[in-house]
Amino acid sequence: MTGTADVGVDEDSDESAAAVPSAPGSGGEDRPEPGPTPEVSLIKDRTIKTPAPAKTPGQSGPPQAETTGAPAPAAPAAPPGEQEPSDEAPHLDVDEPLLAARAHRPSDLIRFLAGVLGIVAVFVLAGIATSTTTGIEQDIASNAPHFSAVFSTITGLLSSVAVLAVPLAFAVERLIKRDGLRVADGVLASVLAYGVSLGIDWWVAEGASDHIRDALTQLPLDSTGTLTDPVHGYLAPVIAYMTAVGMSSRPRWRVALWVVVVFSGVTELLGGYTTPLSLLLTVLTGWSVAYGTLYAIGSPNIRPTGQHLMIGLRKVGFTPAGAMRAPDAPGGTRRYQVTQQGGPPLDVHIIDREQQASGFFYRAWRRLRLRSVAVRRSPQSLRQALEQEALIAYAAAASGARAPQLVATSELGPDAAILVYENVEGRTLDELADEEVTDPVMASIWQSVTALHERRIAHRRLTGESLLVVDERTGCLVNLSGGDIAATDLTLRIDVAQLLTTFALRIGPERAVATANAVLGAERVAQALPLLQPVGMSRSTRVDLAKLTKERKAAARARALEQVAAGERTQEQAEEDIAAAGEDLLSRIRGQILQIAPEAPMAPAKLERLKPKSLIMVIALTFAAYLALTTIKPAQLKLSQMNWAWAAAALLAAAFSYVAAAMSLTGFVPEKLPFRRTVAAQLAGSFVKLVAPAAIGGIALNTRYLQKAGIRSGQAVASVGASQLAGLAGHLLLLFSFGLITGSQTNGDLSASRAVIIGVLTAAVLALVVAAVAPLRRFVLGRLRSLFFGVVPRMLDLMQTPSKLVTGFGGILLLTLSFTACLDFSVQAFGGDVSFSAVAVVFLTANAAGSAIPTPGGIGPVEVALIGALTVADVSPAVATPAVFLYRALTFWLPVLPGWISYNVLQRRNAL
């Protein structure tokens, strides 16, 4: 039997709640007639508390607070379930943390962003729909004389008075209700709205295009030359004020405001003092500023407290004796564990409007990324959320699944609702030790999931916090509020895949699959195999999967280092162990399923409609186009003064750098690589540099390329590490050599070579400091070990093939010379005269300094460093600036489009 009622708790009222004479409990036993509503207080204000055995979090019974203050006199305990007689009304204790005075509501942020987008849309419409806006204004102007002048005068007078009277009356009403904080919020929002209005007016008058100015302003019919304001400086603050003080929750005041706004707008339009887009911009400005202010400073917290909950429970018919705040349920639902005077304990869930907006952006991203069948739409209102959770609870109970019984629902005021469940004692799966996760418990949970699925009910949150273990053989499903009724086959199969993964994270894939097979059968388990993808799992499960894989790889790498150092295993065996440890858990689950069902489908189900890499590509190309248009300007390139022959030579040098980069990679890989495909991979790296620093993006792309070429992960990392280490050594050697050459060529002036020597000595001092400071030493050694693990054995393998070493080191030398030649030819193209060795020193020092700042592709720092270094090398700024822009255009911007093409082609051929 259930009870349903609407409970209105007005936080401004001093009246006590009236008692309701009957209350349904979960067991149906008789209850004592509730008397007058007792006093409700926070338990923290009492010095004597009733002790009770502590219960564990989850869906367990409520732990009572410990006794504090002076001990109470000893008294005989009453029998369980009976209330001691008393001449006074019982005192209800509520133990909960104090709620914050202000809350930063996600709903306010969402409304603010929506308002900003609306303002942007108004400006876009004003700029492109010139004929439409002009036609509307002409229609209004032509029909304005048809309205009576008396009518216009009366509406103008009424709106002018009402636009001040309504906010003033609302402020008085709020002050009478002792809600001065809301009035202060409204005043702040109105002041900010007025400032924003002035800013928009100034921008439209001074900086906007003529189309926007014409759409938002006009000359009044009785004016001689003054344009109207784009944003009404008196109406926008009023809208901001009324919105910030909470007009939306008071229908009468909301209607009064919009009547004032409509009358004022009509009057302004008929009088020729505004335009339709100007009115829309005014409303959006006031609305956006109000919600932006509320989100920034926080809104007064109107969440119902435990005291309101106790009063509400008595109105529904229960007899609560005390309540304690319990851990929140998934989705931010607040929970209270309530003890009764004459009935069993209760587990009460409170849902409110703040919770409804929680996680909006994450849900929007999941709906954008995944197919709609894989993501449930969130409720649009508080009433819908209440009905949805109640429907799921009743359907689960009817299916026969083990789940807490819903015994009552109620609205708790206009902004919250409660769902009262029977209390089930136990511990969640997350709270159990691994050895406590027994096969009977897992089988019991699988049986409940099977009962749900037979009625086409999907749980959708089968993570550890939703699996309650009652005893050593019984499990119970909780947190069903996010479930689905009439679920599709795909959603039910996702449930199975999720629960398999949840159990495998605790007890391994072997036992997890075996237990599921014993209850579901091989066919149903096999149907979940295509859904074993990270994208189909819950957010917490994806985090746990990544953490587990990282921990396994780190432990395997540390163990391999120790075994190799002790001579217990060879380097190749250690790499195989690391590769085996790097296999993710989902792959191991798939392997176990294939053992019981070899015919299971292997192809992953298509859950994604938009992959992150596609989104990254779009963003990267947009970013590249924007930077190219704003960074490279024809005036800076000085194309009219450029020598096209030298520019063509610079282009050839830039193109040859990709051949040299391919040589530097293949030379450090003992296995044979297709050279043309390797060149294409290096070209694809020019696109990757747009979204990542050059060194990081290049390492990741080359490692991925080698893995796709059939080279084991450990060996691929070692080869790329060997290439990077050799490149660093070659860079320093060339810098030192060209520095000496430059110094010897300048009439015995060794200033350049001295600078190089000083730089080398500085690096040596830094190395000594790192070696002397233990935390720095451990940090650097840990990073170097992870990056260059296996580099020495890889180099020993390469020494057996001298041609490989020649190719690798030759590629490094040619790569540096190619870039140096490109920069030198770019300087020559604009009439510069500097030695090749000096340009080499400039390139090696400035490129390293600019790349030290981790911007994508070194955009900005590299240009500044190169121009500054060339200027120091006696190249005039008039030549250095266009030369550097030409060099960057040839080596960074021009290869972006070919790199994007190469990246996509290699991905389609499964080479990246």
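Just above, that's the structure.
Okay, so let's go over this structure. Everything numeric in this text was worked out from a predicted model, so none of it was measured. (Residues numbered from 1 in each chain as written. Predicted model: local features only at pLDDT ≥ 70, side-chain atom pairs only at ≥ 80, totals over all residues. Heavy atoms only, no water.)

## Considering the side chain of Thr463
Argument step 1. Examined against the element boundaries, Thr463 turns out to sit in the loop between strand E12 (457-458) and strand E13 (467-469).
Argument step 2. Owing to a relative accessible area of 8%, Thr463 belongs among the buried residues under this scheme.
Argument step 3. Setting aside residues no more than four positions away along its own chain, Thr463 makes contact with Gln498, Thr502, Ser538, Ser540 and Thr541. (Helix = DSSP H or I, 4+ residues; strand = E, 2+ residues; numbered from the N terminus. Buried < 20%, exposed > 50% of the residue type's maximum accessible area, 1.4 Å probe, protein only. Contact = heavy atoms within 4.5 Å.)

## Describing the nonpolar core
Argument step 1. Within the largest apolar cluster, 50 residues are counted, with the highest numbers of intra-cluster contacts made by Phe503 and Ile593.
Argument step 2. For this core, the elements supplying multiple residues, two or more each, are helix H12 (382-399), helix H13 (439-454), E13, helix H14 (489-507), helix H15 (509-520), helix H16 (522-527) and helix H19 (585-596).
Argument step 3. Residue contributions to this core peak at nine residues, all from H14.
Argument step 4. Residue contacts for Phe503: discarding those within four places in its chain leaves Leu429, Met442, Ile445, Trp446, Leu467, Gly508 and Ala512.
Argument step 5. The next biggest cluster of nonpolar side chains, apart from the first, holds 36 residues, and it includes Ala654, Ala821, Val842 and Tyr887. (Core = buried A, V, L, I, M, F, W, Y, C linked by side-chain atoms within 4.5 Å.)

## Things to note about the sheet that holds strand E14 (residues 475-477)
Argument step 1. In space, the three strands of this open sheet follow the order E11-E13-E14, with antiparallel pairing throughout. Every other strand in the sheet has two partners, leaving strand E11 (427-428) and E14 as the edge strands with one partner each.
Argument step 2. Here H13 sits on the sheet in contact with E13 and E14, set at roughly 35° to E14. (Pairing = 2+ DSSP bridges. Axes fitted to C-alpha atoms, helices over the stretch in contact; angles between N-to-C directions.)

## Observations concerning the packing of aromatic side chains
Argument step 1. Evaluated as defined, the whole model comprises nine aromatic pairs.
Argument step 2. Arranged with centres 5.2 Å apart and planes meeting at 80°, the rings of Phe123 and Trp203 form a pair that is edge-to-face. Placement of Phe123 in helix H1 (residues 106-128) and of Trp203 in helix H4 (residues 180-206) is noted, with a sequence separation of 80 residues between them.
Argument step 3. Taking relative accessible area as the criterion, Trp203 reaches 34% and is therefore assigned partly exposed.
Argument step 4. Consider the rings of Trp646 and Phe825, whose centres lie 5.5 Å apart with planes at 35°: the pair is tilted. Taken as a pair, Trp646 in helix H22 (residues 644-666) and Phe825 in helix H29 (residues 802-829) lie far apart in primary sequence, 179 residues in all.
Argument step 5. Look at Trp646 and you get partly exposed, because its relative accessible area is 34%.
Argument step 6. A cation sits over an aromatic face here: Arg888 above Phe892, 4.8 Å from the ring centre. (Phe/Tyr/Trp six-rings, centres within 6.5 Å; stacked < 30°, edge-to-face > 60°. Lys NZ or Arg CZ within 6 Å of the ring centre and 35° of its normal.)

## Observations regarding the pattern of salt bridges
Argument step 1. In total, this model carries ten salt bridges according to the counting rule given.
Argument step 2. The closest approach of N and O atoms between Arg427 and Glu436, which form a salt bridge, is 2.5 Å.
Argument step 3. Overall, the relative accessible area of 30% leaves Arg427 in the partly exposed class.
Argument step 4. Residue classification places Glu436 among the partly exposed residues on the basis of a relative accessible area of 31%.
Argument step 5. Notably, a salt bridge pairs Asp434 with Arg506, separated by 2.9 Å at the nearest N-O pair. You can see Asp434 sitting in the loop between E11 and H13 and its partner Arg506 sitting in helix H14, a full 72 residues away along the chain.
Argument step 6. It is possible to trace a salt-bridge network through shared partners that takes in Arg383, Glu387 and Glu411. (Salt bridge = Lys/Arg side-chain N within 4 Å of Asp/Glu carboxyl O.)

## With respect to a negative patch on the surface
Argument step 1. A contiguous patch of negative charge on the surface is contributed by Asp430, Glu431, Glu465 and Asp544.
Argument step 2. In this structure, Glu431 sits in the loop between E11 and H13.
Argument step 3. In this structure Glu431 comes out as partly exposed when scored by relative accessible area, which is 33%. (Patch = residues over 30% accessible without salt bridge, like charges linked within 9 Å, V, L, I, M, F, W, Y side chains within 5 Å. Areas by Shrake-Rupley, 256 points an atom, 1.4 Å probe, with all protein chains shown as cover. Lys, Arg positive; Asp, Glu negative; His and termini not counted. Charge placed at Lys NZ, Arg CZ, Asp CG, Glu CD.)

Don't take any of this as a statement about function, it's just geometry.
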